[in-house]
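Residue-level structural notes
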Amino acid sequence: MSTLKVPGIAYGGDYNPEQWPEEVWAEDVRLMREAGVTMVSVNIFAWALLEPREGEYDFSRLDRILALLHENGIAADLATPTAAPPAWFFRAHPDALPVDRDGRGLSYGSRQTFCPSSPAYREAALRITGELAARYADHPAVVMWHIHNEYGCHNAECYCDESAAAFRRWLRVKYDDLAALNAAWGTTFWSQWYYDWDEIIPPRATGAVPNPTHQLDWRRFCSDELLSLYKAEREVLREAAPSVPATTNFMVMYNFDALDYWRWAPELDIVSNDHYLQSADPESEIDIALSGDLVRSLAGGRPWLLMEHSTGAVNWQPVNRAKNAGELRRNALAHVARGADGIAYFQWRAAKAGAEQWHSAMLPHAGTDSQIWRDVVALGADLKALAEVRGSTGTAKVAIVWDWNAWWSVELASQPSGEVRFQDLVRSWYEPLWRAGVAVDFVRPDADLSAYRLVLAPSLYLVDDEAAANLTRFAESGGTLAVGFHSGAVDENCHVRLGGYPGAFRKALGVRTDELFPLLPGESVGLSEGGTAGLWSERVHLAGAEAITSYTSGPLTEVPAVTRHPHGTGTTWYVATLPDPTTLAALLDRMCTEAGVEPVRVTPEGVEAALRRGADADYLFLINHGDRDAEIEVSCDGAELLTGNRVEGGTVTVPAGDVVVVREPRG
Ligand code: GLA
């Protein structure tokens, strides 16, 4: 894992000077310096200007941009412009345009309008990447390659014939022979048996439910196909500039599920992420924390970069909300609290034309006499004051299992309930931990769990034998494992594990379910220890476990809803329903207490606490999302980094809406 050659916490955004006449550029860099900007991402959407005709290049503008940045001490994260091929490319290669699930050919005219399996696209993308690499490998402004932009944002799946052929090649590598594929996909069902590889097509729109394993392999293929494009560009760049780290901006945020980032992350020299708030989410600070914890975990616990977020409203939701007073600062510093060593925005200067003209930016349409600009300048100073936090990491003793295969498969059509949403379930378990100030990492199901005391699997519908054994071994050897309903149900091929649910975890949990009773939207049932439950229920029979709470109403009255079981030298829990938030919080609190997990800090409601561990000090981030000042205990005298004030006497005040970062020296 490389480090970024930018001091302290990097600060900046996407810089698209090609949108503006050159006279504006001088003002841009002057204002960047005023705001404390240290790195900008350039060239992301500049392909049409760099290569006006196939094989004809004009780098003069980019030369001037990079020189200007360098003269002003601003580093460049230089993008390959391959997310937006020019119109001439599609006129020459109409076959490179994507086809959707319904067979509808899509046009160019926006961005990412290419088929990921198109040989013409790959060739053109690698050619422009090669030109850039050759020209700028040793440029003093360039500190990182920004490969492409948000792979899969608009074209994660293409159903054209070229994609079908690529899918078949991928399947041949995976299965080697057709008999293995037929067995894995269960193709005796509905007469889907394949006799020839050429009979296999993408899961295009069809009259009834497509084969689940076919769909799951398709999702895996689509993620891998884009990954191979990323790797191909990275190889070209690496060859020309072996010491310049490469990244691509992930989209670990609500509702983006196209890529299996566990497979992607090891291929990045520095992990970076884009995160946008959902206007409809009244507690988007929880989504920021969850996403940050997941990105840090993808980065193997090492610091990462927030490549994009917004200073205010976005332009792509039904209603796009501006940020409230203080929210810009709280949001940015919350990403730092979760391990970000760089904070950047889309984009530097708000566009006056084009599809994103109503998207906020660091320099808004209103200019510098604006709240956003004042906040942007103040944030630059904050990040400068946090320079020493760079490189520090997390301290979690709780891990939440996150798996894209489990996500994809539990949301396939024809499940017992179409209401089960992987991300919502994970968030419902994450939320009480966030409120309690408990630090969390995310792990793959087959991860080394030895650093943790409590491992939670809120939704792990699909799990292979090895990963299931890994999780249950963790409990056997003294850990506490809690598993959510409908987990362990199927193997890696989406085949149901027979003999009762929750298949792979039955023995370790000491339970056996013979039938599922998902609840209707809005339906809730009572629980014997208080509270209610919704979404799901199942007829759990105890096989060694004790019932912690049981249903008091509905079809399963008196049936256990949550169970606890000693397993080896550890403990397992089965949460066979979705308890209401208060009840779930109480359960998680008990699990933490029994597992010996302490919160980072006990805080009043609305005050978020997160800790980054440095070489000889801890950095305590306290973010007050509420409207009342809060007094928080600190573990020793230290310094408040944002104000430079001493912190003495065992407490620190976090004013309403404000952020405090305390250096707590260790030892
Ligand atoms: C994504 C893209 C940016 C921009 C923003 C707008 O994150 O990477 O180019 O479109 O969305 O929110």
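Residues numbered from 1 in each chain as written. Predicted model: local features only at pLDDT ≥ 70, side-chain atom pairs only at ≥ 80, totals over all residues. Heavy atoms only, no water.

The next subject is the overall build of the protein chain. Along the protein chain, the regular secondary structure elements total 17 helices and 28 strands. For the protein chain, the C-alpha radius of gyration of 26 Å lies close to 26 Å, the compact-globule estimate for 667 residues. Along the three orthogonal principal directions, the C-alpha set of the protein chain runs to about 75 × 75 × 40 Å. Counting over 667 residues, the protein chain shows a buried share of 60%. Summarising the internal contacts of the protein chain: among those between residues at least 6 apart in sequence, 71% fall at separations of at least 24. Per element, the accessible surface of the protein chain, about 26000 Å² overall, is 50% carbon and sulfur. Side chains of the protein chain carry 57 positive and 91 negative charges; the gap between the two charge centres is 2 Å. (Helix = DSSP H or I, 4+ residues; strand = E, 2+ residues; numbered from the N terminus. Rg over C-alpha atoms; globule rule 2.2 N^0.38 Å. Buried < 20%, exposed > 50% of the residue type's maximum accessible area, 1.4 Å probe, protein only. Contact = heavy atoms within 4.5 Å. Areas by Shrake-Rupley, 256 points an atom, 1.4 Å probe, with all protein chains shown as cover. Lys, Arg positive; Asp, Glu negative; His and termini not counted. Charge placed at Lys NZ, Arg CZ, Asp CG, Glu CD.)

This part is about the pairing of strand β19 (residues 560-567). Counted residue by residue, β19 has seven buried out of eight residues, so it is predominantly covered. Two strands pair when backbone bridges link them, and strand β18 (residues 546-550) and β19 are joined in this way by four bridges, in the antiparallel orientation. For T549, the partnering residue across the bridge sits in β19 and is V562. Two elements, β19 and strand β20 (residues 570-575), share six bridges in a ladder whose sense is antiparallel. Considered in β20, the bridge of H567 is made with G570. Count of turn residues in the β19/β20 antiparallel hairpin: two residues, of which G568 carries a positive phi of about 55 degrees. (Pairing = 2+ DSSP bridges.)

All right, on to helix α10 (residues 284-298) then. With 15 residues, α10 should reach 21 Å at 1.5 Å per residue; the first-to-last C-alpha distance of 21 Å fits that figure. One or two positions beyond α10, positive phi appears at G300, with a value near 70 degrees. (Expected span 1.5 Å × (residues − 1).)

Glancing now at the packing of helix α5 (residues 119-136) against helix α8 (residues 212-240). Helix-helix packing is described using two parameters, namely the angle between the two axes and the distance between the axes. α8 packs onto α5 with a crossing angle of 25 degrees between their chain directions and a minimal axis gap of 9 Å. Overall, the two elements α5 and α8 adopt an arrangement that is roughly parallel. Seen along the crossing, α5 lies across α8 with a hand that is right-handed. Within the contact between the two elements, α5 uses Y121, R122, A125, L126, T129, G130 and A133 and α8 uses S228, L229, A232, E233, V236, L237 and A240. (Axes fitted to C-alpha atoms, helices over the stretch in contact; angles between N-to-C directions. Parallel < 35°, antiparallel > 145°, perpendicular 65-115°, else oblique. Left-handed = near helix turned anticlockwise from the far one by under 90°.)

Under the defined criterion, the tally for this structure stands at 31 aromatic pairs. Three or more aromatic residues joined by ring pairs form one cluster here, namely F250, F256, Y261, W262, W402, W404, W407, F422, Y430 and F442. The positively charged end of R349 is found above the aromatic ring belonging to W20, 5.4 Å away from the centroid. (Phe/Tyr/Trp six-rings, centres within 6.5 Å; stacked < 30°, edge-to-face > 60°. Lys NZ or Arg CZ within 6 Å of the ring centre and 35° of its normal.)

Next up on the list: the pattern of salt bridges. Per the stated rule, a full pass over the model turns up 47 salt bridges. Of the charged contacts, one joins R427 and D281 as a salt bridge, the two residues approaching to 2.7 Å between their closest N and O atoms. Taken together, the residues span a long stretch of sequence, with R427 in helix α14 (residues 422-436) and D281 in the loop between β7 (272-274) and α10 at a distance of 146 residues. Grouping residues by exposure puts R427 and D281 together as buried. (Salt bridge = Lys/Arg side-chain N within 4 Å of Asp/Glu carboxyl O.)

Turning next to the sheet that holds strand β28 (residues 659-665). Strand order in this open sheet of five strands is β22-β23-β28-β25-β26, and the pairing throughout is antiparallel. Pairing within the sheet leaves two strands with one partner each, and these edge strands are β22 (607-613) and β26 (646-647). Taken together, the seven bridges between β22 and strand β23 (residues 617-624) define a ladder with antiparallel strand orientation. From the neighbouring strand, R613 faces β23, where its bridge partner is D618. The sheet strands contacting helix α11 (residues 327-337) are β22, β23 and β28, and the helix crosses β23 at an angle near 150 degrees.

Below, the discussion takes up the domain arrangement of the protein chain. In terms of domain boundaries, the protein chain breaks down into domain 1 (398-595) and domain 2 (607-665). Distance from the C-alpha centre of domain 1 to the C-alpha centre of domain 2: 35 Å. (Domains from an automatic or database assignment.)

What follows covers the site of the ligand. In the vicinity of the ligand, the residues found are F45, R111, N149, E150, D274, Y276, E308, W316, F346, E356 and H359. The side chain of R111 places a nitrogen or oxygen atom 2.9 Å from an oxygen atom of the ligand. Between the ligand and E356, the relevant distance is 2.3 Å, taken from an oxygen atom to a side-chain nitrogen or oxygen of the residue. Counted by class, the shell around the ligand contains four nonpolar, two polar and five charged residues. (Near = heavy atom within 4 Å. Polar contact = N/O pair within 3.5 Å; in protein donor to acceptor, adjacent residues only side chain to side chain. Nonpolar A, V, L, I, M, F, W, Y, C, P; charged D, E, K, R; others polar.)

Core analysis: the largest hydrophobic core is formed by 181 residues, its most contacted members being L69, Y261, I343, L386, W402 and L456. The dominant element in this core, judged by the number of residues it contributes, is α5, at eight residues. Mapped onto the domain boundaries, this core takes at least three residues apiece from domain 1 (398-595) and domain 2 (607-665). Not counting residues within four places of it along the chain, the set of residues in contact with L456 comprises V398, A399, I400, V401, W429, L433, A482, L588 and M591. Ranked by size, the runner-up nonpolar core spans 16 residues in total, among them A166, F167, Y175 and W197. (Core = buried A, V, L, I, M, F, W, Y, C linked by side-chain atoms within 4.5 Å.)

Before going further, it helps to examine the packing of α10 against α14. At a minimum axis distance of 10 Å, the contact between α10 and α14 shows a crossing angle of 100 degrees. On the basis of the axis angle, α10 is roughly perpendicular to α14. Here E285, I286, D287, A289, L290 and D293 of α10 come into contact with α14, specifically with R427, Y430, E431, W434 and R435. Grouping the constituent residues of the contact of α10 with α14 by class yields five nonpolar, no polar and six charged.

A word on the environment of P445. Within the element layout of this structure, P445 appears in the loop between β11 (440-443) and β12 (454-457). Assessed through its relative accessible area of 8%, P445 is described here as buried. Note: C-alpha distance between P445 and V426 (19 residues apart in sequence) is 14 Å. Each residue touching P445, except ones within four places of it in the same chain, is listed here: V401, W402, D403, L460, A467, N470 and L471.

Counting through the fold element by element, G657 comes out in the loop between β27 (651-654) and β28. Overall, G657 belongs to the partly exposed group, its relative accessible area being 23%. For the pair formed by G657 and R329, sequence separation is 328 residues and the distance between their alpha carbons is 9.4 Å. Contacts of G657, omitting those with residues within four sequence positions, involve R330, N624 and G626.

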